[in-house]
Amino acid sequence: MLANPSISVLGPDPAHRRCVLNGNAFQQDAIQSFNGWQYACFYASLPGAAEPLYIHISRRKLPRGPWETLVFDDYPQTTDDGHNTVQLGICPGDGTIHLSYDHHCDRVRYRHSQAGVALTPEAFSWEASLFTPTLAHLPGLSDQDELLGYITYPRFVQLGTNLLFSFRTGKAGLGDDHLCVYAPGPADGSYGYTLLGTNLKGVENNPYIHGLDYRNARLYTTWVYRAFVWYPGWDDPQDTKHKAQAGPNSGANNHDICFAYSDDEGRTWRNGAGEAIADLARGQSVLPSSPGITAFAIPKGSGLANQEAQAVDRAGGVHVLNRDCAGQGGEARWKHYYRSPEGTWSQHALPHVKAGKRGRLAVGSNDDLYLILPDSSAPRLTILRARRDTGYAGYELVWQGEGFPATEPLVDTTRLDDDGVLSVFTRAQAATSGKVDVVVLDFQI
């Protein structure tokens, strides 16, 4: 069993909102370590007023430094929609910190810090003036106004010294995923993003990725498709029905688990057999018809979630967390879908907990797999471990805690890799007052 974690409070959670904004599976990342410091971003209100919300970003020196928090009070967040989360990325090449936030089919909202802030953090006072104001474009892509005018689900991924930016255009059931890469500039201080292209293109559907992981110079992604259901007014620019989570294109239309990888940082893509299926520089994309991409053919109506979780171990094994009802008597059960380094897929239903909100995966320094799972019916968080030396075929209950309201936990994968500490970003509720805070749980592995 894991010992109980140390718990640090980042700030108050806006629990009065209908939708959760702090802790959603598609936030990659909301907590991240770099160069001996840890960073976390979240929404909270200012003292004395419940609304609006503002982006807060905190940092601390590891292993046990106090959190410092700055607030961007120049951008009030007012939309009660769980899609409109905040994500952060750190570029290793120049130490810039990047944020993208408040999107659900909206124009890009983005800001970044001065160079060097994450390389020499102690040289900078932690204050909002380190960052640009909110930008409605990405530096270097001022000519991509239309592409960046209707985005959802931004993600940042470190690629060596660069930083990848991924996002979806279109709407639920009818959209595409795109990739840009940020590269530090030369000594003259120039910098900016380059558009790589559309890596995943929907055809009367849209891909929902479980994540993007860069390990041993290979970029991995897995995803499900959501088929589009045509409805009156779908092509009206003012249409908002697609934003309803129980609308005409809900998760009931999710199907299949797919896989592809890139050995050149997202420029070309291959299927599980190693066959080339897309070259973005030639205007190609991975399509639903691309050969060899389907790992598991799972029909619509099976309970399959979108954007749950993935992780990649050091040997190149690919782990996916999702759920389906195949062989489960009609009940959707959490499953661990695993692709061995040799390319063989397997699946196992998880014990100990019923599928609730989406969970998270993380790989320890010895390649053991940790599954962080919110309970379906109680304010409880559960952690399972699957050991590498068993081929990830068994699931041991290693920790369970109460007082954690329904939240999709997030993990600092870098800290687990480097320091053997599992930092979990989630929400916690005080037993006496009922107050909900955004917290970080630190488990010694």
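All values reported here derive from a predicted model rather than from experimental measurement. (Residues numbered from 1 in each chain as written. Predicted model: local features only at pLDDT ≥ 70, side-chain atom pairs only at ≥ 80, totals over all residues. Heavy atoms only, no water.)

S.K.: Is there a simple way to think about the sheet that holds strand E26 (residues 396–402) in this case?
M.R.: Taken in spatial order, the four strands line up as E23-E24-E25-E26 in an open sheet, and their pairing is antiparallel. Single-partner strands in this sheet number two, and they are strand E23 (360–363) and E26. Between one strand and the next, the sheet's axes are offset by a mean angle of 20°, whatever the strand orientation. Examined bridge by bridge, strand E25 (residues 380–386) and E26 share six bridges and lie antiparallel to one another. (Pairing = 2+ DSSP bridges. Helix = DSSP H or I, 4+ residues; strand = E, 2+ residues; numbered from the N terminus. Axes fitted to C-alpha atoms, helices over the stretch in contact; angles between N-to-C directions.)

S.K.: Help me understand the nonpolar core, please; the structure alone is not making it clear to me.
M.R.: Generally speaking, soluble globular proteins have nonpolar side chains that are buried together. Core analysis: the largest hydrophobic core is formed by 35 residues, its most contacted members being Ile57, Ile97, Leu99, Trp126, Phe131 and Phe425. Every element with two or more residues in this core is listed here: strand E2 (31–34), strand E3 (37–45), strand E4 (53–61), strand E5 (68–77), strand E6 (86–90), strand E7 (97–101) and strand E29 (436–444). Listed in part, the 20 residues of the second largest apolar core include Leu179, Leu200, Leu219 and Val286. (Core = buried A, V, L, I, M, F, W, Y, C linked by side-chain atoms within 4.5 Å. Buried < 20%, exposed > 50% of the residue type's maximum accessible area, 1.4 Å probe, protein only.)

S.K.: Any chance you could explain the pattern of salt bridges here in plain terms?
M.R.: A side chain of one charge can pair with a side chain of the opposite charge when the charged atoms of the two come close. Tallying each qualifying case throughout the model produces 26 salt bridges. Notably, a salt bridge pairs Asp176 with Lys201, separated by 3.5 Å at the nearest N-O pair. Taken together, the residues Asp176 in strand E11 (residues 174–183) and Lys201 in strand E12 (residues 192–201) connect sequence positions 25 residues apart. Note on Asp176: relative accessible area 14%, which makes it buried. Among the ionic pairs, Arg415 bridges to Asp419, the shortest N-O distance being 4.0 Å. Linking Arg415 with Asp419, this pair stays in helix H1 (residues 413–419), spanning four residues, or about one helical turn. (Salt bridge = Lys/Arg side-chain N within 4 Å of Asp/Glu carboxyl O.)

S.K.: Explain the pairing of strand E10 (residues 162–171) here, please?
M.R.: Side chains on a regular strand alternate between the two faces of the sheet. Counting buried positions along E10 yields ten of ten residues, so the element is predominantly enclosed. Summarising the sheet, strand E9 (residues 151–159) and E10 pair through seven bridges and their orientation is antiparallel. Within E10, the residue paired with Thr152 across the bridge is Arg168. Where E9 folds back on E10, the antiparallel hairpin that results is connected by two residues, among which Gly160 adopts a positive phi of roughly 60°. Sheet topology places E10 next to E11; nine bridges connect them, and they run antiparallel. From the neighbouring strand, Lys171 faces E11, where its bridge partner is Leu174. The turn joining E10 and E11, which pair antiparallel and follow one another in sequence, is formed by two residues; a positive phi near 85° is taken by Gly173.

S.K.: I'm lost on unusual backbone geometry in this one. Help?
M.R.: Gln28 connects to Asp29 through a cis peptide bond whose omega is 0°. Here the phi dihedral of Asp102 falls at roughly 60°; this positive angle occurs in a residue that is not glycine. Looking at the element boundaries, Asp102 is found in the loop between E7 and strand E8 (110–112). Residue Asp102 is classed as buried on the basis of its relative accessible area, which comes to 4%. In the Ramachandran plot, Tyr153 falls in the positive-phi region, its phi being about 60° despite a non-glycine side chain. For Tyr153, the location among the structural elements is in strand E9.

S.K.: I keep staring at the sheet that holds strand E22 (residues 345–349) and nothing clicks. Help me out?
M.R.: To summarise the sheet geometry, strands pair through backbone hydrogen bonds and adopt either a parallel or an antiparallel arrangement. Here four strands make up an open sheet; going across it, the order is E19-E20-E21-E22 and the pairing antiparallel. Strands with a single pairing partner mark the edges of an open sheet, and in this sheet they are strand E19 (309–312) and E22. Between one strand and the next, the sheet's axes are offset by a mean angle of 25°, whatever the strand orientation. Examined bridge by bridge, strand E21 (residues 333–339) and E22 share five bridges and lie antiparallel to one another.

S.K.: How should I be thinking about the side chain of Ser285 in this particular structure?
M.R.: Along the polypeptide, Ser285 turns up in the loop between strand E17 (276–279) and strand E18 (294–296). Within the structure, the side chain of Ser285 is placed 2.6 Å from the backbone oxygen of Thr198, a separation counted as a polar contact. Contact partners of Ser285, with chain neighbours within four places excluded, come to Thr198, Asn199, Lys201, Ile277, Ala278 and Ser290. (Polar contact = N/O pair within 3.5 Å; in protein donor to acceptor, adjacent residues only side chain to side chain. Contact = heavy atoms within 4.5 Å.)

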